[in-house]
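Take a look at the letters that make up each chain.
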Amino acid sequence: MELVTEQKKTSVPVLPWMRNPIDNSLYDECPLNFLPFLDPRLEAALYDMGITSLFPVQVAVWQETIGPGSFERDLCINSPTGSGKTLAYALPIVQMLSTRATKCLRALVVLPTRDLAVQVKEVFASLAPAVGLSVGLAVGQSSIADEISELIKKPTPEAGICFDSEDFSLGLRSSVDILVATPGRLMDHINNTKGFTLDHLCYLVVDETDRLLREAYQSWLPTVLQLAHANNQSLGPVASNTFSPTFGSLKTIRRFGVERGFKAKPYPRLVKMVLSATLTQDPSKLAQLDLHHPLFLTTGSRRYQLPEQLKSLKVICESKLKPLYLLALLETLQGEKCIVFTSSVESTHRLCTLLNFFGDQKIKIKEYSRLQRQTIRSKTLRAFRAGEIQVLVSSDAMTRGMDVEGVKNVINYDMPAYVKTYIHRAGRTARAGQSGCCFTMLHKDEVKRFKKLLQKADNNSCPVYSIPFESIESLRSTYSSALEKLKESIESEKHRKRRVGTKHSTVMKKKEKSA
Ligand SMILES: Nc1ncnc2c1ncn2[C@@H]1O[C@H](COP(=O)(O)OP(=O)(O)OP(=O)(O)O)[C@@H](O)[C@H]1O
């Protein structure tokens, strides 16, 4: 079995352009006042964000975009969690678009989840207004009608002039220069929103690429590429004067990429930037992105890299006493901000309910999972950011990309099944050069498997973190009553669900009858 896996691993070819990457770690941090070509308005906006220098990956990307690289190649960026990938793409895109005279949708950033998109939009929103650009969000946070009115500007009818509906839709324009979207809502707008067009798109960012490529999401990627490609052709040297009547004399000039082996003939293209802390190397997956002469930027020589300031620790415990070990561990962490990961939404709910039945807690513990409504999730996240909640028990909804200041610890209540999951979960701490700990709770039978998993992230150091025996003993007396309460709570939830289900089906039957 092992042998087969090994053979499989070695038989996957690494794409030639991935063999000689640029190493981000060879760059030093660069103070803003030394960064070449940085627009002074953006420099001021960065200072306002509390940023005084750029991190290595940001300097490397700046070189390849605004610097001598000049956006000539598509960029594939593999860089550890918390290393600052968002600003690495946001800053050059905003700077490039700062000279645009007319508003239309030029940059599209796609992310896998709503919370992540909201977070990234905030980074753009801290920069873009400084140079007169607007940023929109298409994630389904508000109603589609509200979203459309944020994204599309209607023509203002002049006094005495009456538009018929066709004229009216011709006058629709984008209200935003940059759009941050999740694939589902993006497709809704592509398919249904009048005036929404990718005709003028110059930059496409696919963040958390490996996650987004795993899911087809109504073929969002081929659709975006096809729409952009169709426009590329209409923007070709011959047809470069043919533009959508919507924009009158407005011309969209894309970057002119020079394809090697293409007789150095320039042609307009959509610039792509794809990023992850665990970027796929699978040629068939990367082929979906249709990259132009891609340049690979990675950090260090290893495929996967954990943040430098991250300490990995393991807690060995008996399965049936695991909640007690967790509580005792949380006690030793003394209310520091902490995320506890479980393997499913159901176990997240059960564990969080159980922990709260222990009573007499000095720390506030809340659940965060896809089972919950978005409004509840957003409220929980806000409270966690504000420090009103100290512990989040989370399913993998929190695993990728989420950036919450001051998270000191991550606890894997259930051992992650894959190294990529370990990397993304652990990466919620030790961000932006800060220190942090990732504890993994293991039964002794899991220790060997976990060691192998960590080795894939080149981590051979994961000492045991001991929980004092007395701490466990002191919790035992409340354990059985907490378990009893959990059982009752789950039962009553089941009843409630059944009642709601019956009520719903009675209403449906009545409706059918009256129809
Ligand atoms: N140049 C900088 N100076 C100080 N802080 C920075 C800088 N760049 C980014 N940060 C901060 O670092 C944190 C991590 O950044 P970001 O979320 O972009 O990381 P990431 O590489 O995308 O991580 P992940 O892979 O987990 O998504 C954020 O809080 C961000 O504000």
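What counts as what
- Residues numbered from 1 in each chain as written.
- Predicted model: local features only at pLDDT ≥ 70, side-chain atom pairs only at ≥ 80, totals over all residues.
- Heavy atoms only, no water.
- UniProt positions renumbered as here; feature names shortened; annotations may be inferred.
- Salt bridge = Lys/Arg side-chain N within 4 Å of Asp/Glu carboxyl O.
- Helix = DSSP H or I, 4+ residues; strand = E, 2+ residues; numbered from the N terminus.
- Buried < 20%, exposed > 50% of the residue type's maximum accessible area, 1.4 Å probe, protein only.
- Near = heavy atom within 4 Å.
- Polar contact = N/O pair within 3.5 Å; in protein donor to acceptor, adjacent residues only side chain to side chain.
- Areas by Shrake-Rupley, 256 points an atom, 1.4 Å probe, with all protein chains shown as cover.
- Nonpolar A, V, L, I, M, F, W, Y, C, P; charged D, E, K, R; others polar.
- Pairing = 2+ DSSP bridges.
- Axes fitted to C-alpha atoms, helices over the stretch in contact; angles between N-to-C directions.
- Contact = heavy atoms within 4.5 Å.
- Patch = residues over 30% accessible without salt bridge, like charges linked within 9 Å, V, L, I, M, F, W, Y side chains within 5 Å.
- Lys, Arg positive; Asp, Glu negative; His and termini not counted.
- Charge placed at Lys NZ, Arg CZ, Asp CG, Glu CD.
- Expected span 1.5 Å × (residues − 1).
- Core = buried A, V, L, I, M, F, W, Y, C linked by side-chain atoms within 4.5 Å.
- Phe/Tyr/Trp six-rings, centres within 6.5 Å; stacked < 30°, edge-to-face > 60°.

For the protein, the name recorded in an unreviewed UniProt entry is ATP-dependent RNA helicase, with Forsythia ovata as its organism. Turning to the protein, the UniProt record has this under Function (unreviewed entry): "RNA helicase." Word for word, the UniProt comment on the protein under Sequence similarities (unreviewed entry) is "Belongs to the DEAD box helicase family. DDX51/DBP6 subfamily."

As enumerated under the stated definition, the model contains 15 salt bridges in all. Put simply, Asp177 and Lys103 hold a salt bridge, and the shortest N to O gap is 2.8 Å. A residue pair is termed long-range when its members are at least 10 positions apart, and Asp177 in the loop between strand E8 (173–174) and strand E9 (178–181) and Lys103 in the loop between helix H4 (85–97) and strand E5 (107–110) qualify at 74 residues. Judged by relative accessible area, Asp177 falls into the buried class, the value being 3%. Judged by its relative accessible area of 24%, Lys103 is partly exposed. With its nearest N and O atoms 3.1 Å apart, the salt bridge here joins Arg425 to Asp396.

The environment of the ligand is made up of 19 residues, and the closest members are Ser53, Lys85, Thr86, Asp403 and Arg431. Between the ligand and Arg428 there is a distance of 3.0 Å, counted from an oxygen atom to a side-chain nitrogen or oxygen. Within the side chain of Arg431, a nitrogen or oxygen atom sits 2.8 Å from an oxygen atom of the ligand. In the complex, the protein chains occlude 81% of the 640 Å² of accessible area that the ligand would expose alone. The biggest single contributor to the shell around the ligand is H4, with three residues. Its residues placed into classes, the shell around the ligand shows six nonpolar, eight polar and five charged.

The side-chain alternation of strand E6 (residues 135–138) yields two buried faces, one formed by Val135 and Leu137 and the other by Gly136 and Ala138. Relative to E9, E6 is paired through four bridges, and the arrangement is parallel. In the sheet register, Ala138 faces E9, and the bridge partner there is Ala181.

Turning our eyes to something else, we now look at the sheet that holds strand E16 (residues 338–341). In spatial order, the strands read E15-E20-E19-E16-E18-E17; together these six strands make up an open sheet with parallel pairing. Edge strands, defined here as strands with exactly one partner in the open sheet, are strand E15 (310–316) and strand E17 (365–368). Neighbouring strand axes in the sheet, compared pairwise and without regard to direction, differ in orientation by 20° on average. By the bridge criterion, four bridges tie E16 to strand E18 (residues 391–394) in an arrangement that is parallel. Residue pairing for E18: Cys338 is matched across the bridge by Val391.

Here the focus is the sheet that holds strand E4 (residues 75–78). Taking strand neighbours across the sheet as the criterion, the eight strands line up as E1-E14-E4-E13-E10-E5-E9-E6 in an open arrangement whose pairing is parallel. The open sheet has two edge strands with one neighbour each: strand E1 (22–23) and E6. Summarising the sheet, strand E10 (residues 203–206) and strand E13 (residues 271–276) pair through four bridges and their orientation is parallel. Across the sheet, Tyr203 pairs through a bridge with Val271, a residue of E13. Contacting E6 and E9, helix H6 (residues 144–151) runs over the sheet at an angle of about 160° to E6.

For the rest of this paragraph, the subject is a positive patch on the surface. A cluster of like positive charges, contributed by Lys364, Lys366, Lys379 and Arg382, occupies part of the molecular surface. Residue position: Arg382 is located in helix H14 (residues 374–385).

Once that is clear, we can look at helix H5 (residues 114–127). A turn of α-helix holds 3.6 residues, and therefore any two residues three or four places apart point the same way. When the terminal C-alpha atoms of H5 are compared, their 20 Å separation across 14 residues agrees well with the 20 Å that a helix rising 1.5 Å per residue should span. Residues Asp115, Leu116, Ala117, Gln119, Val120, Val123, Phe124 and Leu127 constitute the buried set of H5.

Another point: helix H3 (residues 56–65). Counting buried residues along H3, eight of its 10 residues qualify, which places the element largely inside the surrounding structure. Taken residue by residue, H3 has Val57, Gln58, Val59, Ala60, Val61, Trp62, Glu64 and Thr65 as its buried positions.

Of note in this structure, Glu208 is not a glycine but carries a positive phi near 55°. Relative to the helices and strands, Glu208 is located in the loop between E10 and helix H9 (209–214). Phi is positive for Ala430, which is not a glycine, with a value near 55°. On the secondary structure map, Ala430 appears in the loop between helix H15 (419–426) and strand E20 (436–442).

Now for the side chain of Ser98. Structurally, Ser98 is set in the loop between H4 and E5. Within the local environment of Ser98, its side chain forms a polar contact with the backbone oxygen of Gln95, the two atoms lying 2.6 Å apart. Residues in contact with Ser98, not counting those within four places in the same chain, are Asp39, Arg41, Val131 and Leu133.

As a further point, take the nonpolar core. Among the nonpolar cores identified, the biggest contains 80 residues, and Leu91, Phe124 and Met398 are the most heavily contacted of them. Here Leu91 is in contact with Leu35, Leu38, Leu42, Leu46, Leu54, Trp62 and Leu127, once residues within four sequence places are set aside.

The next subject is the packing of aromatic side chains. Taken as a whole and assessed by the stated rule, the structure comprises six aromatic pairs. Each ring, one from Phe358 and one from Tyr479, has its centre 6.1 Å from the other, and the planes form 25°; the classification is stacked. Note that Phe358 is positioned in the loop between helix H13 (345–356) and E17 and Tyr479 in helix H17 (residues 469–514), a separation of 121 residues in sequence. A residue is classified by how much of its surface remains accessible, and Phe358, at 8% relative accessible area, is buried. Judged by relative accessible area, which is 13%, Tyr479 ranks as buried. Arranged with centres 5.8 Å apart and planes meeting at 65°, the rings of Tyr422 and Phe450 form a pair that is edge-to-face. In this pair, Tyr422 is assigned in helix H15 and Phe450 in helix H16 (residues 447–456), connecting sequence segments 28 residues apart.

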